[in-house]
Amino acid sequence: MIATDRASRTISFDALKQPLSPLFRDYFASRGKASDFYPLGFSREDMAKAAAATAAFAHPRAEVAEALAAEQPSGSEARANAEALKDPKTLAVVTGQQSVLFGGPLYVLYKALAAMELARHMSESLKTKVVPVFWVASDDHDFAEIRATTMMDGNTELKTLRYEPVDEPNLQPASTIILDQTIEALAKSVRDLLPASPWRDEVCEVLVDAYRPGVSISAAFSKLLQHFLPGLVIMDPASPKLKALMRPVIEREIAESSPTSRLAASIGEKLLAAGYHQQVPVRANGFLNLFLVTASKRRALGVSEKGIEVRGGNQVMTTAELLSRIAASPEAASPGVMLRPLAQDYLLPTIAYIGGPAEVAYHAQIGPSYAHFGIPRPVIFPRPSFSLVDSATARAMEAESLTFEDLQTDTETLLARAAREANPEVEASFAAARSGIEGAFRGVEETLAKLDSTLRGAAQSAAGRALHQIEGLQEKALRSMKRQDVTRSERLRRTRDFVFPGGALQERGVSWISLLARYGPPIIDDIRRNMDPWAKGHQVLPI
């Protein structure tokens with residue numbers, strides 16, 4: 001439960017030590033030259049403008065609604081929401097993520113909750129139905145990025161769980177990576193890893209049921225989201241029906257030899273000139289923003305004088321041949337990072353896409369492609385960012401007079417600070433010793449300089465050596481002080497590791513499933529009710 005006796009806080013992104021790009025921070029704060037790359041901000045008024053544009057666009061609503069409804073559980077709120085997309089007045093708030101093992105880090109949950117909450121807000125504001133949609137990146141072939149997740153055990157220590165199949169996938173889309181027998185033991189091991197709680201067994205049973213042999217890693221991810229987030233429409237773009245509906249976007253990318261690349265490269269130069277970065281380095285020529293799934297591998301498509309080359313596949317085709325191949329097998333086409341949003345927003349009446357800092361940044365490069373393809377550009381809505389602080393952590397922070405900002409430093413620095421505060425007489429004695437040495441040697445230096453000016457340097461060196469000895473002795477004393485108060489040292493370590501696990505923001509360092517197992521599924525609705533999608537920074541929520 002969200003703690004009502006402790007206030008939440010919002011901390012400026014500028015105050016975080018975690019690196020966020022100037023482009024993201026300027027866009028979020030509506031400052032600098034960021035507005036040159038985002039014609040809309042992310043206010044309610046901006047979303048109303050996006051709603052008017054997408055409502056007037058000829059989305060393939062009926063076909064998309066039918067395909068999406070078939071992916072949702074029968075009789076569920078999510079299926080009803082998917083079917084509602086047939087209505088020309090219905091709109092969508094979209095987010096998405098790769099299908100990371102066991103649901104991935106906390107920010108995946110925060111993305112989904114933000115989509116649900118923003119859809120609710122905008123339904124009320126626009127007086128029309130707005131449905132939340134989660135685009136599962138099931139076409140992605142980077143197995144290294146989805147095969148592992150990190151959980152926090154009962155001692156707030158991080159444990160990485162890694163899926164090691166018998167046959168290592170190579171360039172396979174996530175939708176075709178079928179979980180083998182090794183997933184059973186891995187999924188069951190989660191229960192023993194997590195601290196005992198009234199909800200642990202329930203949550204782990206759901207996890208084991210989702211991640212079982214014979215299903216794809218992306219389907220398991222989708223099932224997990226569907227169970228804990230009723231009402232959220234899960235969209236698997238690997239669906240043959242959805243792929244067929246994307247064809248107008250894909251065919252134009254092919255026929256015009258990647259206009260998305262040329263436009264992104266041009267914007268990239270303007271971003272650099274404005275002092276920002278290119279999130280996705282793009283060449284104007286040489287590649288399509290499109291992959292082809294051939295022989296179960298997702299391969300990049302290059303463009304050369306020979307024609308369209310399947311990189312690594314020893315195949316060369318003409319434009320006509322590739323178009324014919326995709327017409328016959330639409331599921332073989334897989335949009336790249338600069339084309340995927342266009343396919344998404346061609347299919348869906350999107351008023352806002354909720355993305356993290358990297359996604360917000362690369363959307364700056366995609367912007368002109370929306371106009372080129374004639375697709376309405378949605379609002380790019382920064383994903384709400386959170387850290388959760390439970391009562392035990394809050395008590396420890398209060399006892400140590402620590403703020404959230406203090407915890408951004410490393411554990412050893414915190415322990416050193418605590419040891420010095422607990423032993424002020426030791427610090428005072430060393431300060432007096434340094435002062436005495438500096439004063440004594442100052443007198444020696446002045447006396448020797450009058451005797452022989454060349455001895456001044458020797459006196460200074462001697463003083464430096466003496467001070468160095470004092471510093472070494474002080475370090476030994478500090479280590480001894482830290483060892484003496486083991487209980488306090490362990491409390492500081494656990495406090496810091498809970499808020500900044502592994503030194504990273506909590507939302508990036510810990511699995512959301514481990515949160516549910518510790519505090520119970522009701523925490524999901526608590527977070528949703530207490531989140532502020534428009535908060536002016538990183539939100540610290542007491543639980």
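Scroll up a little and you will see the structure.
The present account deals with the structure reproduced in this document. (Residues numbered from 1 in each chain as written. Predicted model: local features only at pLDDT ≥ 70, side-chain atom pairs only at ≥ 80, totals over all residues. Heavy atoms only, no water.)

### Quick look at the overall build of the protein chain
Phase 1: Helix and strand content of the protein chain: 23 helices and 15 strands.
Phase 2: Projected onto its principal axes, the C-alpha positions of the protein chain cover 95 × 60 × 50 Å.
Phase 3: Here the contacts in the protein chain between residues at least 6 apart in sequence split such that 75% fall between residues at least 24 apart.
Phase 4: Of the roughly 23,000 Å² of accessible surface on the protein chain, a fraction of 52% belongs to carbon and sulfur atoms. (Helix = DSSP H or I, 4+ residues; strand = E, 2+ residues; numbered from the N terminus. Contact = heavy atoms within 4.5 Å. Areas by Shrake-Rupley, 256 points an atom, 1.4 Å probe, with all protein chains shown as cover.)

### Considering the layout of surface pockets
Phase 1: In this structure, the largest pocket occupies an estimated 1,300 Å³ of space.
Phase 2: If you go around the largest pocket, you meet 50 residues; those closest to its centre are Gln98, Val337, Ala358, Glu359 and Tyr362.
Phase 3: Counting only elements with at least two residues in the lining of the largest pocket, the list comes to strand 2 (91-97), helix 5 (106-126), strand 7 (287-294), strand 8 (297-304), helix 15 (357-373) and helix 21 (506-509).
Phase 4: Examining the composition of the lining of the largest pocket, we find that five residues originate from one element, strand 7, more than from any other.
Phase 5: Each residue belonging to the lining of the largest pocket can be placed in one class, and the counts come to 25 nonpolar, 13 polar and 12 charged. (1 Å grid on protein atoms, 1.4 Å probe; cavity = no way out; pocket = protein on both sides within 12 Å on 5 of 7 lines; lining within 4 Å. Points joined across faces, edges and corners; volume = space filled by probe spheres on them. Nonpolar A, V, L, I, M, F, W, Y, C, P; charged D, E, K, R; others polar.)

### Describing the sheet that holds strand 8
Phase 1: With antiparallel pairing, five strands are arranged side by side in an open sheet as 10-9-8-7-11. The sheet terminates laterally at strand 10 (315-317) and strand 11 (333-335), the two strands that pair on one side only. Taken pair by pair, the neighbouring strands of this sheet meet at an average axis angle of 35 degrees, ignoring direction.
Phase 2: With three bridges connecting them, strand 9 (residues 307-310) and strand 10 associate as antiparallel partners. If you follow Glu309 over to strand 10, its bridge partner there is Val316.
Phase 3: Sitting on the sheet, helix 13 (residues 319-328) is in contact with strand 7, strand 8, strand 9, strand 10 and strand 11, with an inclination near 100 degrees to strand 10. (Pairing = 2+ DSSP bridges. Axes fitted to C-alpha atoms, helices over the stretch in contact; angles between N-to-C directions.)

### Description of empty space enclosed by the protein
Phase 1: Tallied over the full model, the rule gives three cavities of 30 Å³ or more.
Phase 2: Computed from the structure, the largest cavity encloses a volume of approximately 90 Å³.
Phase 3: In terms of lining, the largest cavity is formed by Leu106, Met152, Phe498, Gln506, Val510, Ser514, Leu515, Arg518 and Tyr519.
Phase 4: Top contributing element to the lining of the largest cavity by residue count: helix 22 (residues 512-519), with four residues.
Phase 5: In the lining of the largest cavity, the residues fall into six nonpolar, two polar and one charged.
Phase 6: Quantified by volume, the second largest cavity comes out at close to 50 Å³.
Phase 7: The wall of the second largest cavity is formed by Phe13, Phe28, Pro382, Arg383, Pro384, Ser385, Asp532, Pro533, Ala535, Gly537 and Gln539.

### Let's talk about the packing of helix 5 against helix 23 (residues 522-530)
Phase 1: It is the contact of helix 5 with helix 23, at a shortest axis distance of 10 Å, that shows an interaxial angle of 55 degrees. One way to sum up the angle between helix 5 and helix 23 is to call them oblique. Remark: the crossing between helix 5 and helix 23 carries right-handed chirality. Across the interface between the two elements, Leu109, Tyr110, Leu113, Met116, Glu117 and Arg120 from helix 5 touch Ile524, Ile527 and Arg528 from helix 23.
Phase 2: For the contact of helix 5 with helix 23, the class distribution of residues is six nonpolar, no polar and three charged. (Parallel < 35°, antiparallel > 145°, perpendicular 65-115°, else oblique. Left-handed = near helix turned anticlockwise from the far one by under 90°.)

### Description of the pattern of salt bridges
Phase 1: Under the definition given, this model contains 25 salt bridges.
Phase 2: Residue Glu405 pairs with Arg9 through a salt bridge whose shortest N-O separation is 2.8 Å. In this pair, Glu405 is assigned in the loop between helix 16 (391-399) and helix 17 (411-422) and Arg9 in strand 1 (residues 9-11), connecting sequence segments 396 residues apart.
Phase 3: Take Arg9: its relative accessible area is 37%, and that puts it in the partly exposed class. (Salt bridge = Lys/Arg side-chain N within 4 Å of Asp/Glu carboxyl O. Buried < 20%, exposed > 50% of the residue type's maximum accessible area, 1.4 Å probe, protein only.)

### Some thoughts on the sheet that holds strand 14 (residues 386-389)
Phase 1: What the three strands build is an open sheet, ordered 1-15-14; its pairing is mixed. If you trace the sheet from one side to the other, it starts and ends with strand 1 and strand 14, each paired once. With direction set aside, neighbouring strand axes in the sheet form an average angle of 25 degrees.
Phase 2: Relative to strand 15 (residues 538-542), strand 1 runs antiparallel, the two sharing three bridges. Within strand 15, the residue paired with Ile11 across the bridge is His538.

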